[in-house]
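Structural features, examined
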Amino acid sequence: MFTLSHTLAVNDAVPKLTRGQLWQGLVLKAENPVPFLEAMSACTIVERGENWLLRDFTLRGEEMQEHVTFEPENSVLFERTKSSAMGSVLNEIVELENGELGLRFTFVLDVEGLEDGSAEEADFAERMSQSYFQGVASTLAEIRRRVAAGELATS
């Protein structure tokens, strides 16, 4: 099992985002990640409840499933229920040291066939880190695109 975490400043590009806009974008990404993440090719919501949903999706050609829990205005937790890489992904709206908004993605994954702490697991984590961290940047870019297009509320 390995952990990857990456945080980006939210307002180092335009348009500047509010916490509310960032939150709206994270909810939209949970409901349909395809426009936000290049590696995703399909997503279907299987079930929905108050502050959670269950979704089937295709990531890099693999059929997966996640239970998604929302903590409004703060975080979205994706817990894998079907995958060759079981674990969780946490998207958090955070405050950076300078008081600005940040977006942190933390991945805790246990990959089938890789021994904990092995060189193979470390190599896999290194290869995956660039793709996962690119996902943080592409998520922010898509949220900014939607704000600029007037698709997200201004508050």
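Here we summarise the structure given alongside this text. Fair warning: this is a prediction, and the values are worked out from it, not measured in the lab.

We now examine the sheet that holds strand β6 (residues 85-95). Within a sheet, each strand pairs with its neighbour through backbone hydrogen bonds, oriented either parallel or antiparallel. If you trace the 7 strands from one edge of the open sheet to the other, you get β1-β7-β6-β5-β4-β3-β2, paired in antiparallel fashion. Two strands lie at the open edges of the sheet, namely β1 (2-9) and β2 (40-49), each paired on one side alone. Each neighbouring strand pair of the sheet contributes to a mean axis angle of 20 degrees, computed without reference to strand direction. Sheet topology note: the β6/strand β7 (residues 101-111) ladder contains 11 bridges and is antiparallel. When the bridges of β7 are listed, A85 appears paired with V111. Those strands touched by helix α2 (residues 119-148) are β1, β5 (75-82) and β7, and its axis lies near 30 degrees from that of β1.

To continue, consider unusual backbone geometry. Between V14 and P15 the backbone carries a cis peptide bond, its omega angle lying at 0 degrees. By the secondary structure assignment, P15 is in the loop between β1 and α1 (19-31). Residues other than glycine seldom take positive phi values, yet E73 does so here, at roughly 70 degrees. Looking at where E73 falls in the secondary structure, it is placed in the loop between β4 (62-71) and β5.

Packed helix pairs are characterised by how far apart their axes lie and by the angle those axes make with each other. Two elements in contact, α1 and α2, have axes separated by 10 Å at closest approach and are oriented at 115 degrees. With respect to α2, the element α1 is oriented roughly perpendicular. Considering only the axes of α1 and α2, their crossing is right-handed. In this structure, α1 uses Q21, L22, G25, L26, L28 and K29 to contact α2, whose residues at the interface are T139, L140, I143, R146 and V147. Looking at the contact of α1 with α2 residue by residue, the class counts come to 6 nonpolar, 3 polar and 2 charged.

With that settled, the discussion passes to α1. Across its 13 residues, α1 extends 19 Å between first and last C-alpha, which sits within 8% of the 18 Å expected from 1.5 Å per residue. Among all positions in α1, only G20, Q21, L22, W23, G25, L26, V27, K29 and A30 are buried.

Pairing geometry for strand β3 (residues 52-59) and β4, over 8 bridges, is antiparallel. Opposite L53, over in β4, you have V68 as the bridge partner. Between β3 and β4, which follow one another and run antiparallel, lie 2 residues, and R60 among them has a positive phi close to 50 degrees. Pairing of β4 with β5, which is carried by 7 bridges, proceeds in the antiparallel orientation. Directly across from T69, in β5, lies its bridge partner L77.

As paired strands, β5 and β6 are joined by 5 bridges and run antiparallel to one another. In the strand pairing of β6, F78 is matched with V89. Between β5 and β6, which pair antiparallel one after the other, the connecting turn spans 2 residues. What sits between the antiparallel neighbours β6 and β7 is a turn of 5 residues, in which G99 has the positive phi angle 85 degrees.

Rules behind the numbers
Residues numbered from 1 in each chain as written. Predicted model: local features only at pLDDT ≥ 70, side-chain atom pairs only at ≥ 80, totals over all residues. Heavy atoms only, no water. Pairing = 2+ DSSP bridges. Helix = DSSP H or I, 4+ residues; strand = E, 2+ residues; numbered from the N terminus. Axes fitted to C-alpha atoms, helices over the stretch in contact; angles between N-to-C directions. Contact = heavy atoms within 4.5 Å. Parallel < 35°, antiparallel > 145°, perpendicular 65-115°, else oblique. Left-handed = near helix turned anticlockwise from the far one by under 90°. Nonpolar A, V, L, I, M, F, W, Y, C, P; charged D, E, K, R; others polar. Expected span 1.5 Å × (residues − 1). Buried < 20%, exposed > 50% of the residue type's maximum accessible area, 1.4 Å probe, protein only.

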